[in-house]
Amino acid sequence: MKIEVLYPEICCLYGDKGNMRYLQLCLPEAEFIYTSLNDAPAFLEGDIDLCYLCSMSEASQELVLERLMPWQEKIVSLMQNGRTLFLWVGNALELLGAYIQREDGSRVAGLGVFFSMYSVRQSPRRFNNLIRADFKGTKLIGYTSRFSHTYGLSKEYALCQTEIGAGMNPKTKQEGILTEGIIATYLLGPLLVANPDFTHYLLKRLGAPLEKLPYEDAMRQAYAYKMKEMDNPDLKLF
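**Student:** Explain the overall build of the protein to me, please; I cannot follow it from the model alone.
**Tutor:** Helix and strand content of the protein: six helices and 14 strands. What you see for the protein is a C-alpha radius of gyration of 17 Å, in line with the 18 Å of a compact globule of 238 residues. Referenced to the eigenvectors of the C-alpha coordinate spread, the extents of the protein come out at roughly 45 × 45 × 30 Å. For the protein, the proportion of contacts with a sequence separation of at least 24, taken over those separated by at least 6, is 67%. By element, 52% of the accessible surface of the protein is carried by carbon and sulfur atoms, the whole surface being about 10,800 Å². Charge centroids of the protein, computed over 25 positive and 28 negative side chains, lie 6 Å from each other.

**Student:** Teacher, can you tell me more about the sheet that holds strand β7 (residues 114-121) here?
**Tutor:** Within a sheet, each strand pairs with its neighbour through backbone hydrogen bonds, oriented either parallel or antiparallel. Read across the open sheet, the four strands follow the order β6-β5-β7-β10; overall the sheet is mixed. Since the sheet does not close on itself, it has two edges, and those belong to β6 (107-109) and β10 (148-151), each with one partner. Across the sheet, the mean angle separating the axes of adjacent strands is 20° when strand polarity is ignored. Of the pairings in the sheet, the one linking β7 to β10 comprises four bridges and is antiparallel in character. Along β10, the bridge assignment pairs V120 with H149.

**Student:** What's the story with the packing of helix α5 (residues 196-205) against helix α6 (residues 216-230) in this structure? I'm lost.
**Tutor:** Helix-helix packing: each pair is described by the crossing angle between the helix axes and the interaxial distance. Closest axis-to-axis distance for the α5/α6 pair is 9 Å, and the angle between their directions is 130°. The angle between the axes of α5 and α6 places the two elements in the oblique class. Mapping the contact onto sequence places P196, D197 and H200 in α5 and E216, M219, R220 and Y223 in α6. Taken together, the residues of the contact of α5 with α6 break down into three nonpolar, one polar and three charged.

**Student:** When you look at unusual backbone geometry in this model, what are you seeing that I'm missing?
**Tutor:** Glycine aside, residues mostly have negative phi, and peptide bonds are mostly found in the trans state. Of note, the bond from S123 into P124 is cis; its omega dihedral lies within 30 degrees of zero at 10°. Although it is not a glycine, Y215 adopts a positive phi angle of roughly 60°. Mapped onto the fold, Y215 is located in the loop between α5 and α6.

**Student:** Mind showing me how you'd approach the sheet that holds strand β2 (residues 31-35) here?
**Tutor:** Spatial ordering of the open sheet is given by β2-β1-β3-β4-β14-β13, a layout of six strands whose pairing is mixed. Both outer strands of the open sheet, β2 and β13 (177-178), are each paired with one neighbouring strand and no more. Bridging between strand β3 (residues 50-53) and strand β4 (residues 85-89) involves four bridges; their strand directions are parallel. From the neighbouring strand, C51 faces β4, where its bridge partner is F86. The strands touched by α5 are β4, β13 and β14 (182-185); relative to β14, the strand with the most contacts, the crossing angle is about 155°.

**Student:** Honestly, the environment of E94 in this entry has me stumped. Any pointers?
**Tutor:** Relative to the helices and strands, E94 resides in the loop between β4 and β5 (97-101). Given the relative accessible area of 0%, E94 is considered buried. A C-alpha to C-alpha distance of 17 Å links E94 and E73, two positions 21 residues apart in sequence. Those residues in contact with E94, other than ones at most four positions away along the chain, are Q61, I100, S119, S148, T150 and Y186. Within the local environment of E94, its side chain forms a polar contact with the side chain of S148, the two groups lying 2.4 Å apart.

**Student:** Any chance you could explain the packing of aromatic side chains here in plain terms?
**Tutor:** The geometry of two aromatic rings is summed up by the distance between their centres and the angle between their planes. With the rule as written, the count across this model stands at eight aromatic pairs. Aromatic pair F86 and W88: ring centres 6.2 Å apart, planes at 80°, arrangement edge-to-face. Taken as a pair, F86 and W88 share a single burial class, namely buried. Taken together, the ring pairs connect F43, F86 and W88 into an aromatic cluster. Just above the ring of Y99 sits the side chain of R107; from NZ or CZ to the centre is 3.9 Å. Across the ring face of Y186, the terminal group of R146 is positioned such that the distance to the ring centre comes to 3.9 Å.

Cut-offs and rules
Residues numbered from 1 in each chain as written. Predicted model: local features only at pLDDT ≥ 70, side-chain atom pairs only at ≥ 80, totals over all residues. Heavy atoms only, no water. Helix = DSSP H or I, 4+ residues; strand = E, 2+ residues; numbered from the N terminus. Rg over C-alpha atoms; globule rule 2.2 N^0.38 Å. Contact = heavy atoms within 4.5 Å. Areas by Shrake-Rupley, 256 points an atom, 1.4 Å probe, with all protein chains shown as cover. Lys, Arg positive; Asp, Glu negative; His and termini not counted. Charge placed at Lys NZ, Arg CZ, Asp CG, Glu CD. Pairing = 2+ DSSP bridges. Axes fitted to C-alpha atoms, helices over the stretch in contact; angles between N-to-C directions. Parallel < 35°, antiparallel > 145°, perpendicular 65-115°, else oblique. Nonpolar A, V, L, I, M, F, W, Y, C, P; charged D, E, K, R; others polar. Buried < 20%, exposed > 50% of the residue type's maximum accessible area, 1.4 Å probe, protein only. Polar contact = N/O pair within 3.5 Å; in protein donor to acceptor, adjacent residues only side chain to side chain. Phe/Tyr/Trp six-rings, centres within 6.5 Å; stacked < 30°, edge-to-face > 60°. Lys NZ or Arg CZ within 6 Å of the ring centre and 35° of its normal.

Keep in mind these values describe shape, not function.
In structure tokens form, the structure reads like this:
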């Protein structure tokens, strides 16, 4: 199995890189490829099982788009055919839309995987959000912290529906993206460690299911504690 991590030198916020460190524990025989900004993505050759891209600054978003746009048509095709699974977290999901609107009203073109989807920045106003969401009969938990919101994605592509907290923008419970080739979410940090059921789902999607995850007992204990915290009526959501 081959797993590609895109642009780790600039896409490294909120501890999102820890997801791949944990995945290495789950898949010790897998080959991990770290692609820098000056290299062509390995997934373009079609033999990558998982491509991971995580949170970045707004300036880095535009730099990453500059690097990816020469292969726009091929990237869209690869994301649609499902051969490679793309796991993009944090504001990386915004790259999949038609455009990102800057604070001055100007726009930077996105990859256009979803033509109706677009994102709007609101810096310096940061949106912090605790989330509990329904995902295929299980619960996803985590948080978001971002300077933008995303609009226009069809409900059929939603990853999950939030029960606590807002979705991709304050007026929707719809969070993230789920298709045959894409899993994307605004959720930050230790997504895989914090959500063992989701990690089992991801490994099954990769054709590498595990009966038990590394440190799963401790993960489930922490998960149960966080779930209990979410039911606290004094919990403050920002």
